[in-house]
Amino acid sequence: MAIIITDECINCGACEPECPNNAIYEGADDWRYKDGTSLKGKVVLPNGKEVDAEEAQEPISDEIYYIVPDKCTECQGFHDEPQCAAVCPVDCCVPDDAHVETEEELLGKQRFMHPDA
């Protein structure tokens with residue numbers, strides 16, 4: 001499953017540089033599927049959604065840092081644990097029950113976004 005940042009976030013930004021998928025953004029910032037990945041142009045995500053990887057997407061939160069579920073792999077394929085949770089000083093990076101995925105699905109997303117990794 002993806003990780004979510006709860007409203008206990010103090011906007012310290014410690015999590016953002018730790019994400020190997022560049023799935024974490026500051027509140028109110030637009031995001032793109034291409035950011036920190038190998039994705040370019042029109043792509044079909046592993047979940048079947050068709051997107052333009054270079055098109056700006058609406059922020060998920062205007063208040064606090066947020067994690068894009070389509071880009072979060074819980075650091076599978078990179079680290080033994082989610083790095084955002086490991087560095088968060090207030091423990092507000094927690095599993096997102098609304099985006100449950102198996103380890104195989106997470107690794108599939110990782111390989112899709114980083115085929116040369």
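Everything below is about the structure printed above this text.
Bear in mind that the values here come from a model prediction, so they are computed numbers and not experimental data.

Considering the arrangement of structural elements, one finds Thr37 in the loop between β2 (24–25) and β3 (42–44). Accessibility expressed as a relative area gives 16% for Thr37, which makes it buried. Excluding its chain neighbours within four sequence positions, the residues that come into contact with Thr37 are Asn21, Lys71, Met113 and His114.

With respect to the helices and strands, Glu81 occurs in the loop between β5 (66–67) and α1 (83–87). Classification of Glu81 by relative accessible area gives partly exposed; the value is 45%. Setting aside residues up to four positions removed in sequence, Glu81 forms contacts with Glu74, Cys75 and Ala86.

Conventions we followed
- Residues numbered from 1 in each chain as written.
- Predicted model: local features only at pLDDT ≥ 70, side-chain atom pairs only at ≥ 80, totals over all residues.
- Heavy atoms only, no water.
- Helix = DSSP H or I, 4+ residues; strand = E, 2+ residues; numbered from the N terminus.
- Buried < 20%, exposed > 50% of the residue type's maximum accessible area, 1.4 Å probe, protein only.
- Contact = heavy atoms within 4.5 Å.

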